[in-house]
Amino acid sequence: MTNYVSASLRHLVVQRASGAYEYCLIHQTFSIYTHEVDHVIALKHGGQTSEENLVLACLPCNRHKGSDLTSIDPFTGRITPLFNPRTQVWTEHFEQERGYLTGITAVGRTTVCLLKMNEMNRLQLRQALSLQGLYPNFQH
Ligand SMILES: [Zn+2]
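One structure accompanies this document, and this report is about it. Here the residue index of a chain counts from 1 through its sequence in written order. Restriction of local features to residues with pLDDT of at least 70 applies here, the model being predicted, together with a cutoff of 80 or more for giving and counting side-chain atom pairs; totals for whole chains, interfaces and linings are based on all residues. With hydrogens and water excluded, all non-hydrogen atoms of the structure serve as input to the side-chain values.

Some thoughts on the packing of aromatic side chains
Aromatic rings from Phe, Tyr and Trp, with only the six-membered ring used for Trp, were paired whenever their centres fell within 6.5 Å, and each pair was classed as stacked if the ring planes differed by under 30 degrees, edge-to-face if by over 60, and tilted otherwise. Per the stated rule, a full pass over the model turns up two aromatic pairs. Ring pairing ties together the aromatic residues Phe83, Trp90 and Phe94, which thus form one cluster.

Thoughts on the nonpolar core
Put simply, buried Ala, Val, Leu, Ile, Met, Phe, Trp, Tyr and Cys residues joined by side-chain atoms within 4.5 Å make one nonpolar core. Throughout, exposure labels follow a simple rule: accessible area from a 1.4 Å probe, protein chains only, divided by the maximum for the residue type, with under 20% read as buried, over 50% as exposed, and the rest as partly exposed. If you look at the biggest cluster of nonpolar residues, it comprises 30 residues, and the most contacted ones within it are Tyr23, Cys24, Cys61, Leu101 and Met117. Strands are runs of DSSP state E lasting at least 2 residues, helices are runs of H or I lasting at least 4, and numbering of each runs from the N terminus. Sorting the residues of this core by element identifies helix H1 (7-16), strand E2 (54-57) and helix H4 (106-114) as the ones contributing at least two each. By residue number, the principal contributor to this core is E2, which donates four residues. Should any heavy atoms of two residues lie within 4.5 Å, those residues are counted as being in contact. Those residues within four positions of Tyr23 in sequence are excluded, and the remaining contacts are Asp38, Val40, Val55, Ala57, Cys61, Lys65, Phe83, Pro85, Trp90, Leu115 and Met117.

Some words on the environment of Val37
Here Val37 is to be found in strand E1 (residues 36-39). Between the C-alpha atom of Val37 and that of Tyr4, which follows or precedes it by 33 residues, the distance is 10 Å. Once residues lying within four places of it in the same chain are set aside, the contact partners of Val37 are Val5, Arg10, Val13, Leu54 and Val55.

Written out as structure tokens, the structure is:
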């Protein structure tokens, strides 16, 4: 197991995501932080450094997610898996209205909550981009 992501693998992940972070969908152009390639299933849980297990994540999403695979659904109180951008479809789990993100499934709610997707500064940035037609910025 290795944490090292080769330049070619990193390039593939960025291209595949069209430069948009795959949890909160903000485009890296509008982020003050550089993109990060995140292991959906962390190495410590047996995840691999392979294209099937890598996503483009913004720094806040990545930091809040850490190596977690699950969290508590704020609605039901049940342990719930986090959204997996590789195997699940964003629009089936989330809605956004003028930059505000809402989980529409247990997976969506749990992910919005754990990754603090509506933290004030992040929400304000998405709201500003949304007003300019720059969020969300790519189609599935
Ligand atoms: Zn993000």
